[in-house]
Amino acid sequence: MTPEQMFFSLHGDTIFRRNDKDGSGALYLLPEAKVLTLEPSAVAVLDALWRGLSPDAAAEATGRKPDDVRSFVAMLEISGAGCCLSAPCYVEPLRACDPLASLPHFRAGSELQRLHVFPTPRCTMSCSHCTRRENATLKPCMGCSRPSRKRVAEVDLGASLLTRGMREAAELGCESLTFHVGDCGPIAELVVRSLKAASELGFGSVELITGTGLVDSVLRAAVGAHALITFQLLGANSATHDAACRRRGTFDAIIRSARLLLKGNASIGFYCLRSGVVDWDKSEAWLELVRDLRPRRVVLDRIVTRRSLRNTAISGYIAEESFSPPDALSYLKSLQQTCVSGQLFVGSDGYVYTCPYLIREPIGSLERPGIYGILADGREDPFWRKPISHPAECRGCRWNPACNLCPVAKALLSGANCAVANQMPPRIQERISNNAGGV
Amino acid sequence: MQAIRGLHFSTRSGCRYYYDDCSGLCYPCPTGLRTAIERSCEGEDAGAEEPQAQWGRFVQARRRSLGAFSQDTHSFLPPRLDEKQLRHKLLTTGFRQLLLVVTDACNLNCKYCVFSDHYPYRHDRPKKIMDIDLALAATDVYLNQATRIRRRNPAHPIAVTFYGGEPLLNYPVIEAVIKHVLSRGITDTIFSISTNGTLLNENIADFLVEHNVSIAVSVDGPEITHDTNRVFKDGTGSFELTLRNIDKLLSRHPDYPYLIFLVTYDNGTNLQEVRDFFRSHDRFQKRLMVFSQVSPHFTNYYSRFAPEQSLAFSQAANAIKSDMFREGARYGHNDAMLDFLFGLPLYLCQSRRILGNSGRPGIPSTSTCLPGEKLCVVPTGAIEVCEKAPGLRIGTVETGLDFGLIKETIDSYNHTITSNCATCPITRLCGTCFATFWSGSAFRFPSPKFCHARTSSATSVLEDLYSLLEVNPSYFSDSRTIDERLFPRLKALTY
C-alpha cells in the first residue's frame, strides 16, 4: 500500500493514556507487558494519524520530518502497538469478559471476600491524620471531601449484633475479616470476643489493624485466633511517631507488642502512613526495623507510594501499589471491578457501607436487612461493579486514570462537575498528572 | 497442518479482520498478520530478519498472555465430569428456572407448531393436564433446592414459568402455584407465562398483573400475517380475539411493564408489513419483542415455500437490515424488528464471552445450558431438560433429578455433537444448544452441512457487525442502558 492509502490504528489491547499537563503520553502494550512513553510531539503525530492523515500529511501537520514520522509508525508496528491498514477499521477495545453476566438472571452472585469492622468510634489518641477526624491531615485516597461523621452515634458496636453479622458473612463464604481499632484498650473485651468468634466461624484470614500497643488479653486472643496484627506507623522511631500521633510511648508500645506477638508465632504487619515527618523511602531507621522484625506485610498508603520504592530494600513488602505496570488479565479485571469490590465495611453504628468514605450512603445495617439481605437485594452491586459505559459526566475526564470510576467519585458527582476533580489537592493532581499513563 | 480456531472476514468497506475463537478477540488483519497466522498453522515461526517477524512476535505474545491463536486442540476438550462433580455443580449453581408445562392441550391449531405433523416431536403422553398436587410438588422440589442455593448465593434467581400447549387452559394450577410460592415467603420470584392470548380475560389478566407475571403473548404481525398460521381448530384466525384481550389488559393496566410479544416468522412472512405494523401501533411501543423463526430443523415445513418465495424473503430481510447502516441509525428507536430481529444477533455477537472457556462445565462448546439449570416438568411428572427438547428426560418430580441420567445425556451430547467442535472456528458464537440437536429420540445434526452453514452465518454476522461499527461505533454502546430501563428483568429470560 502506498503511504497515501494508509490508515494507522492501535490494536485493541494497546491502551493509550494522555498526560494533559505536558502533552506527553504513554502506550501500554498489555500482551507484551511493555510501556512506551511518548513525547508530546509523538502524541501530536498519533493524533494526526488518528484523524486519518497519511504519515507524510501527519508530518506536515505536526512540523516533523516525513522520515521521522515513517520511522515512528514503523516502530509502533514492530513493537506490536498498532498497524497500518488500507482502510479505517473498527478496533474493539479489550473489555470485560462476559457482559451478559451482568444480567440479573445470569448474575453469578456477589462474592463477599472481606468484611471490615470498625467496632468503636472511641480512641484514646488524637492523631492528626486520622480519617475519622473531620479536620484530618491525611486525605482519603481520592482526595474527596471528608464526610461528616456527626450522624455517627458515639457508641460501640454490640457484641451479639457483630457476631450475627460475622456469622452471616461466614455463611456466605466470606473468609477474610479485618477489625479497625484505633486503640484496643477501651474495647478489649469486645475485641477478644470477636477474635474468638472469628476463629470459631472459620474465617481463614483475620486481621486487626490498630494504632497502639495491645493489652494482654487482646495479645492472647490474637495469638489464639492466628490473627495478623497490623500496626499503623506514622514514623520510623518513637520521636517521629509519637509526635504525629500526639501521645508519648505509643511507638515503643507498638514495638513491644510486635515482639511479644512474634514470640507467640503470630504474624505482624505495618501500615505506613504519611505523616509529613518521615520519608519511608529513605529512612534508615525504618529499614532497620523491617530487617529486625520481618513483618509479614507492609502496606504503604497508595497516594504516597512512589515508583522509586520498587528499588529499595523494602520493595518486597509492598502489597499494594497504584499505577502498576500493565498486565492483560489484571487490566481486564480492573475493567470490571472497583477498588471496593468484594468488601463491606461495618461502622460502629451497625450500618454497612461499601467504602469507609461513603458513610452518607449506608446500604443497610447489620440489624436490617443484615449482610445476607444486603447481598440478596444486590445493594452492593452498583458499588462493586463498574458500569459497562462511563457516565456521561466522566467521559474524557483527565482524572480517569486515577479515579477509575471510584464509587466515591460517582457519589460526589455534581452535575457536569466532578467534586473529586475539583477538590483534588495540588499535590495529588501533580502525582496523577505525572502518572497519566497509569492503567 | 494444524488449524488455529478462528476465521477471516471482510467488511463492506473492504477492511479485513481475523476473529480468534481461542480468545474471543477480533483483530484487524493486514497481510502480515494473515501470513503469520498461516505460518503458525504450518508450525513455522517467522525468522527474526523477515518482514513478517513482527507479526510472528505479535501472535506469540497474544498466545502467551491471552491464549489467542492457540493450536492446542487437546486442551479444548473439557475434563469429563463424573456424577459426583455434576451433582455438586448443579446443587450449587443449578435450579435457575422451573418451567411447568401445565397442559399439553391447546385451543389453537397453529400450522407451524412443533407438535404438528411437520416435526418428529409428539405430545403422546398418557396424561395431558397437570393436576394441582403435581404442580405444587414440582414447585416444592424446585424451591427447596433453589432456596438452599440462595443461602450461599443470594443473587441466585428463582423463576417459575408456565408453558403449554396453551397454559391458560389450566389456569387454576397457575393461580395455585403462584399463591403457593408466595406463601413460602419468596417474594422476588420471576413469574412468566407464554400464551396465545385468546383466553387472557380480565380476571386472569388482573391476577397476573397483580403478581408481576411476565406475560408473553404471541402476535405474528398484522391480521393477515397472524391468521395465516395462528388459527383455531375450525380454521378461523385468532388475531382479533388476541388483540382484543391485549387491548383490554392495557386499558386496565396501561403502564404494565412486563408484557412481551413473541413474533414467529417463516419464509412466507412479509417482513416489511410486519415491521410497519409493530411500528405503527401504540400497544407495541417500548415493549420487548422476541422474534423467532419457525424451526427449520428436523422438519419438512419449509418445503411449502417455492425458491422464489424464499429468495424474496431474503431480499426483503436485507433491505430492512440495510437501514441499520444508514447515518444516524441507532438502537432503541421504535423499530423492534430492526433492534431485535436484526440487531440482536449482532449485539449477542458483540457481547460474546472474551477469554476464559466457552461452553459449560463438562460441555466444551455450543451455548447449551447444563441440564438441571432449568427444570421442565410435564404433566406426567417427568422432568425434562427444556421445553424445546420434548422427551429428553432428566428425572421425575417424585425422585428428583437423576444425576446419572444427566451425565449420560451430557456424554451422549459430547460424543455426538461437541466432539466435532475441536477445530470449530466459532465456538463462542455458535448459539446452539440441546434443543438444536434433539431430534425427538437422539442427538444428531439437523443436516450434513449444518456446521458449515452455522459458520457461514456467524461470518455474516461478524461482517455485518464490524461493517456497522466502522460506520457507527456507538450503535450498541447505550443499548444495555436502554434495555435495562425498558425491560427490567425481562430480557434475561429471553436469552
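Structural data are supplied above this passage.
In short, a report on the structure. (Residues numbered from 1 in each chain as written. Chains lettered and ligands numbered in written order. Predicted model: local features only at pLDDT ≥ 70, side-chain atom pairs only at ≥ 80, totals over all residues. Heavy atoms only, no water.)

**With respect to the pairing of strand S10 (residues 374-377) of chain B**
Residue and element names in this part refer to chain B. Neither face of S10 is left uncovered, since the one carrying Lys374 and Cys376 and the one carrying Leu375 and Val377 both have all their residues buried. In this sheet, S10 lies alongside strand S4 (residues 97-101) in parallel orientation, the contact comprising four bridges. By the bridge assignment for S10, Gln97 is matched with Lys374. As paired elements, S10 and strand S11 (residues 382-384) share two bridges and run antiparallel to each other. Looking across to S11, one finds that Cys376 is bridged to Glu384. (Buried < 20%, exposed > 50% of the residue type's maximum accessible area, 1.4 Å probe, protein only. Helix = DSSP H or I, 4+ residues; strand = E, 2+ residues; numbered from the N terminus. Pairing = 2+ DSSP bridges.)

**Looking at the packing of helix H1 (residues 31-41) of chain B against helix H2 (residues 53-66) of chain B**
Residue and element names in this part refer to chain B. Relative orientation of the contacting elements H1 and H2 amounts to 65°, with a least axis distance of 8 Å. In this structure, the crossing between H1 and H2 has a hand that is right-handed. Between H1, through Gly32, Leu33, Ala36 and Ser40, and H2, the contact on the second element is made entirely by Trp55, Gly56, Phe58, Val59 and Arg63. Counted by class, the contact of H1 with H2 contains five nonpolar, three polar and one charged residues. (Axes fitted to C-alpha atoms, helices over the stretch in contact; angles between N-to-C directions. Left-handed = near helix turned anticlockwise from the far one by under 90°. Contact = heavy atoms within 4.5 Å. Nonpolar A, V, L, I, M, F, W, Y, C, P; charged D, E, K, R; others polar.)

**Notes on the sheet that holds strand S2 (residues 14-18) of chain A**
Residues and elements named next belong to chain A. Sheet architecture is open: three strands sit in the order S2-S3-S4, paired in antiparallel fashion. Across the chains shown, the open sheet's two edge strands, defined by having one partner strand only, are S2 and strand S4 (34-38). Direction aside, neighbouring strands of the sheet carry axes that sit 15° apart on average. Here S2 pairs with strand S3 (residues 25-29) via five bridges, running antiparallel. The residue of S3 that forms the bridge with Ile15 is Tyr28.

**Digging into the pairing of strand S9 (residues 288-293) of chain B**
Residue and element names in this part refer to chain B. One ladder, built from six bridges, connects strand S8 (residues 259-265) with S9; its direction is parallel. Looking across to S9, one finds that Phe261 is bridged to Met289. Following the chain from S8 across helix H9 (residues 271-280) to the adjacent parallel S9, one finds a crossover that is right-handed. (Right-handed = clockwise from strand over helix to strand, strands pointing away.)

**Quick look at the environment of Leu469(B)**
Mapped onto the elements, Leu469(B) comes out in helix H14 (residues 450-471). Placed 458 residues apart in sequence, Leu469(B) and Thr11(B) show a C-alpha to C-alpha distance of 10.0 Å. Excluding its chain neighbours within four sequence positions, the residues that come into contact with Leu469(B) are Tyr90(A), Gln350(B) and Phe476(B).

**Looking at the packing of aromatic side chains**
Residue and element names in this part refer to chain B. Summed over all chains, the structure comprises 31 aromatic pairs over all chains. Taking the centre distance of 5.7 Å and the plane angle of 15° together, the rings of Tyr18 and Phe69 count as stacked. In this pair, Tyr18 sits in strand S2 (residues 16-20) while Phe69 sits in the loop between H2 and helix H3 (83-93), placing the two residues 51 residues apart along the sequence. An angle of 55° between the planes, with centres 4.3 Å apart, marks the rings of Tyr413 and Phe434 as tilted. Of this pair, Tyr413 sits in helix H12 (residues 403-416) while Phe434 sits in helix H13 (residues 434-437), and the two are 21 residues apart along the sequence. (Phe/Tyr/Trp six-rings, centres within 6.5 Å; stacked < 30°, edge-to-face > 60°.)

**Quick notes on the pattern of salt bridges**
For the structure on display, the rule yields 31 salt bridges over all chains. The shortest N-O distance in the salt bridge between Glu284(A) and Arg291(A) comes to 3.9 Å. Of the charged contacts in the structure, one is a salt bridge between Glu202(B) and Arg252(B), with a shortest N-O distance of 3.6 Å. A residue pair is termed long-range when its members are at least 10 positions apart, and Glu202(B) in helix H6 (residues 202-210) and Arg252(B) in helix H8 (residues 239-252) qualify at 50 residues. For Arg252(B), a relative accessible area of 42% translates into the label partly exposed. In the salt-bridge network here, residues are joined through shared partners; they are Arg275(B), Asp276(B), Arg279(B), Asp323(B) and Asp335(B). (Salt bridge = Lys/Arg side-chain N within 4 Å of Asp/Glu carboxyl O.)

**Considerations on the side chain of Thr103(B)**
Residue and element names in this part refer to chain B. Along the polypeptide, Thr103 turns up in the loop between S4 and helix H4 (132-152). At 2.9 Å, the side chain of Thr103 and the backbone nitrogen of Ala105 are in polar contact. Each residue touching Thr103, except ones within four places of it in the same chain, is listed here: Lys128, Ile129, Tyr163, Gly164, Gly165, Glu166, Pro167, Leu169, Asn170 and Pro379. (Polar contact = N/O pair within 3.5 Å; in protein donor to acceptor, adjacent residues only side chain to side chain.)

**Overview of the sheet that holds S2(B)**
Residue and element names in this part refer to chain B. An order of S1-S2-S3 is seen for the three strands of this open sheet, with the pairing classed as antiparallel. Sheet topology places strand S1 (6-10) and strand S3 (26-28) at the edges, where each strand pairs with a single neighbour. The sheet shows a mean angle of 25° between the axes of neighbouring strands, direction not considered. Of the strands in this sheet, S1, S2 and S3 touch H1, which is tilted by about 35° from S2.

**Overview of the nonpolar core**
Of all hydrophobic cores here, the largest spans 156 residues; its most connected members are Phe69(B), Leu100(B), Phe162(B) and Phe291(B). Considering every element that reaches this core, the biggest residue donor is helix H11 (residues 336-350) of chain B, with nine residues. Apart from the residues lying within four places of it in its own chain, the contact partners of Phe69(B) are Ile4(B), Tyr18(B), Asp20(B), Cys22(B), Tyr27(B), Leu33(B), Ile37(B), Phe58(B), Val59(B), Arg62(B) and Arg63(B). The next biggest cluster of nonpolar side chains, apart from the first, holds 69 residues, and it includes Ala221(A), Ala222(A), Ile229(A) and Tyr372(A). (Core = buried A, V, L, I, M, F, W, Y, C linked by side-chain atoms within 4.5 Å.)

**Points about H8(B)**
Residue and element names in this part refer to chain B. Along its 14 residues, H8 runs 20 Å from first to last C-alpha, staying within 8% of the 20 Å computed at 1.5 Å per residue. Among the residues of H8, those classed as buried are Phe239, Thr242, Leu243, Asn245, Ile246, Leu249 and Leu250. Down the axis of H8, the smallest arc covering the buried residues is 160°, so these residues share one side. Residues of H8 that are exposed and point over 90 degrees away from its buried face: Glu240 and Ser251. On its buried side, H8 packs onto H6, strand S7 (214-218), helix H7 (223-229), S8 and H9. (Expected span 1.5 Å × (residues − 1). Arc of directions from axis to C-beta.)

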